[in-house]
Amino acid sequence: MTMTITMTMTYDPWMMRAGGALGLLLAGCTGGPEGGPGGPSADFELASEADVTLVPVVHSIPLGLWFTPMALDIGDFDGDDATDLLVAGVEPGVGVTAAIYLGDGEGDFAPPQETGFTACSAFPVTGDIDGDGRTDVVALGCSSNLAVFTGQPDGTLAPWAVWPDAEYTPVSSSIIADFEGDGDSDLMTLRIPDSAYVDVALGNGGNGIWKVETTEIGDPTWSGFDPGGMAMGHFDGDRMLDAVLIEREHDLVSLMAVPPAGFAFPTELGVDIPPWSNRVADLDDDGFDDLVISSYTSPSVQVLVASGIGDFIPGEPYELAGFAPYDTALGDIDGDGQIDVAMVDDAVPQLRWFRGSGDGRLDDLETVALPAAAIRIHAARIDDDDIDDLVTATFDDDSITLVLSNG
């Protein structure tokens, strides 16, 4: 099936991003606010207590790294149509670095190899920015700019010489995707130097960028809204990507795209739970992307279904007992053609997932035991059965843990 995935990257270690095919979100980090699961609310739709279920394969890959890992991302960095793994982190006395584990498309990965990646953030965003079929990497640079690296046939990364040396600081979130639907990848960036700005760098067929269009969202001291993350999807009937900005523990706002590369006035969404992360996919198969909001401090998940005209219809939240979702991934885990919702907790060594019903509702909460708590989760095709698998960052166990699905 074809699925929109939004990849959001957050450069502030407190923030964690997100979510998949259009450009996810993407992004994950390791820090988090103190505080555990909150109490139940009368507004929640109660989910039954999760039972530990048998799964086909739970396989751990030893990290074997020469640096401290901080972020996990996925992509096809060597262009062989197999999913690879990227781990970024910090090497004492050296700085930010990364390693790539090349996948064979059948569930196995080669040992980690050096990439040539250097930046001033260990939390990159991934996507194909130059249109050559290989996954590229963007992170905050060390000169108030963005460090843009392109994937090479051997799985290493090389600086993209045509990227302009433009100022990009402070950056909260970035997404690689085709903004205006012309077939070229673009780069969208959320910056908050004083006011909040969204920059759209319009791509030139992989040869560079045409220009950067900037939309000012508003001064947080005036608006009371201080976004730290961004996700994108098709929320109305045009071909342009729309945006959703999130301020953790507060609210989300939506921004509908307007030609040539800007956004209309923001609209508050008013979610029922204190939001922690936001993921985007079409959960009801109507051609419009929907939102999956998770809350860490009041452990729960809520689905907001896109109406197709730019607004959203909120569903009742699903409470999670004894499990605070730190990161969330969307994918077809059981092979029924519907989008499912998988989560990890940074303090509980479990993976939990809801089956998607195909109409925006979530059913049948299930649990998978992990060797350690995880700070990041991705859904991707790891083996050759055409069903989405799950990749988790179980760094406390010095590993990456794969949950290979069989439906």
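Throughout this document, residue positions are counted from 1 along each chain, in the order its sequence is written. pLDDT decides what is reported in this predicted model: residues at 70 or higher carry local features, side-chain atom pairs at 80 or more are listed and counted, and totals for whole chains, interfaces and linings draw on all residues regardless. Water and hydrogen atoms were dropped before computing side-chain values, which therefore reflect all heavy atoms in the structure.

Visitor: Provide a residue-level description of the overall build of the chain, including the pertinent values.
Guide: A run of DSSP states H or I qualifies as a helix once it reaches four residues; a run of E qualifies as a strand once it reaches two. Both are numbered from the N-terminal end. In terms of helices and strands, the chain carries 1 helix and 33 strands. For the chain, with 407 residues in total, the buried portion stands at 60%. Each accessible area is a Shrake-Rupley result for a 1.4 Å probe, and residues are judged covered by the shown protein chains and nothing else. Accessible area for the chain stands at about 14800 Å²; split by element, carbon and sulfur atoms hold 49% of it. Note on exposure labels: buried denotes an accessible area under 20% of the residue type's maximum, exposed denotes more than 50%, and partly exposed covers the range between, all computed with a 1.4 Å probe on protein chains only.

Visitor: So what's going on with the pattern of salt bridges? Which residues, and what values?
Guide: Any carboxyl oxygen of Asp or Glu that lies within 4 Å of a side-chain nitrogen of Lys or Arg is treated as forming a salt bridge with it. Tallied over the full model, the rule gives 11 salt bridges. As a salt-bridge pair, R361 and D359 come within 3.0 Å of each other at their nearest N and O atoms. Judged by its relative accessible area of 43%, R361 is partly exposed. Judged by its relative accessible area of 41%, D359 is partly exposed. A cluster of three or more residues bridged by salt bridges with shared partners is formed by D73, R279, D327 and R376.

Visitor: Describe the environment of Y197, and please don't skip the residues or the numbers.
Guide: Mapped onto the elements, Y197 comes out in strand β14 (residues 196-203). Taking the C-alpha atoms as reference points, Y197 and D219, 22 residues apart in sequence, are found 9.2 Å from one another. Whether two residues are in contact is decided by their heavy atoms, any of which lying within 4.5 Å being enough. Once residues within four sequence positions are removed from consideration, Y197 is found in contact with T189, L190, R191, T214, T215, E216 and I217. Between N or O atoms, a polar contact is any pair within 3.5 Å; within protein, one atom must be a potential hydrogen donor and the other a potential acceptor, and residues adjacent in sequence are included only when both atoms are from side chains. A polar contact of 3.3 Å, which involves the side chain of Y197, links it to the side chain of D194.

Visitor: Before we move on, can you summarise the state of the cysteines with the specific residues and values?
Guide: Disulfide: a pair of cysteine sulfur atoms within 2.5 Å of each other. Summed over all chains, the structure comprises 1 disulfide. Here C120 connects covalently by a disulfide to C142, the sulfurs 1.8 Å from one another. Residues C120 and C142 share a disulfide whose torsion about the S-S bond is about 110 degrees; that sign makes it right-handed. Placement of the pair is C120 in the loop between β7 (113-114) and β8 (125-127) and C142 in the loop between β9 (136-140) and β10 (146-151), with a sequence separation of 22 residues. According to the relative accessible area criterion, C120 is partly exposed, its value standing at 43%.

Visitor: With reference to specific residues and values, describe a negative patch on the surface.
Guide: Like-charged residues are merged into a patch within 9 Å and nonpolar side chains (Val, Leu, Ile, Met, Phe, Trp, Tyr) within 5 Å, provided each residue has over 30% relative accessible area and no salt bridge. Positive charges come from Lys and Arg, negative ones from Asp and Glu, while His and the chain ends are left out of the count. Where a charge lies is defined by one atom per residue type: Lys uses NZ, Arg uses CZ, Asp uses CG and Glu uses CD. A surface patch of like charges, here negative, comprises D80, D81, D104, E106, D108, D384 and D386. With respect to the helices and strands, D81 occurs in the loop between β4 (68-75) and β5 (84-91). According to the relative accessible area criterion, D81 is exposed, its value standing at 76%.

Visitor: Summarise the packing of aromatic side chains; cite the residues concerned and give the values.
Guide: What counts as a ring pair is set by centres within 6.5 Å for rings of Phe, Tyr and Trp (its six-membered ring), and what kind of pair is set by the plane angle: stacked under 30 degrees, edge-to-face over 60, tilted for all other angles. By the definition in use, this model includes 10 aromatic pairs. Ring plane angle 50 degrees and centroid distance 5.5 Å describe the contact between Y318 and F354, whose orientation is recorded as tilted. On the criterion of sequence distance, the pair formed by Y318 in strand β26 (residues 318-319) and F354 in strand β29 (residues 350-356) is long-range, its members being 36 residues apart. Note on F354: relative accessible area 1%, which makes it buried. A connected cluster of aromatic rings, assembled from ring pairs, spans W160, W163 and Y168. Whether a charge lies above a ring is judged from NZ of Lys or CZ of Arg, which has to be within 6 Å of the ring centre and within 35 degrees of the ring normal. Directly above the ring of W276 sits R248, whose terminal nitrogen or CZ lies 3.6 Å from the centroid.

Visitor: How would you explain the sheet that holds strand β13 (residues 186-191) if you had to name every residue and give the values?
Guide: Pairing is antiparallel in the open sheet, where 4 strands are placed in the order β12-β13-β14-β15. Single-partner strands in this sheet number two, and they are β12 (171-177) and β15 (209-218). Each neighbouring strand pair of the sheet contributes to a mean axis angle of 15 degrees, computed without reference to strand direction. The pairing of β13 with β14 spans 5 bridges and is classified as antiparallel. The residue of β14 that forms the bridge with T189 is D199. Any two strands are treated as partners once DSSP identifies two or more bridges connecting them. Angles run from 0 to 180 degrees between N-to-C directions of axes, and those axes are lines fitted to C-alpha atoms, restricted for helices to the stretch in contact.

Visitor: Lay out the side chain of T394 in plain terms, naming residues and giving numbers.
Guide: With respect to the secondary-structure elements, T394 resides in the loop between β32 (389-392) and β33 (399-404). Of the polar contacts made by the side chain of T394, one reaches the side chain of S399; its length is 2.7 Å. Setting aside its immediate chain neighbours within four residues, T394 contacts L370, P371, A372, A373, A374, S399, I400 and T401.

Visitor: Lay out the sheet that holds strand β3 (residues 57-62) in plain terms, naming residues and giving numbers.
Guide: Reading across the sheet, the 4 strands line up as β3-β33-β32-β31 and stay open at both edges, with antiparallel pairing between neighbours. For this open sheet the edge positions go to β3 and β31 (377-380), each flanked by a neighbour on one side alone. Within the sheet, the average angular offset between the axes of one strand and its neighbour, ignoring direction, is 20 degrees. Sheet topology note: the β32/β33 ladder contains 3 bridges and is antiparallel. Paired with L390 across the two strands is V403, which belongs to β33.

Visitor: Any details on the pairing of β5? Residues and values, ideally.
Guide: Along any regular strand the residues' side chains alternate between the sheet's two faces. With 6 of 8 residues buried, β5 is to be regarded as a mostly interior element. Joining the antiparallel neighbours β5 and strand β6 (residues 95-101) is a turn of 3 residues, in which G93 adopts a positive phi near 80 degrees.

Visitor: Quick rundown of the confidence of the model for the chain? Include the residues and the values.
Guide: Each residue gets a pLDDT score, which is the predictor's confidence in that residue and runs from 0 to 100. In this model, the chain carries a mean pLDDT of 87, and residues with pLDDT of at least 70 account for 86%. Confidence over residues 1-55 falls short of pLDDT 50; this stretch has 202 contacts with residues more than four positions distant or in other chains.

Visitor: Account for the side chain of T392, with residues named and values stated.
Guide: Relative to the helices and strands, T392 resides in strand β32. For T392, a relative accessible area of 0% translates into the label buried. When neighbours within four sequence positions are excluded, T392 is seen to be in contact with L72, V344, L351, L370, A374, R376, I377, I400 and T401.

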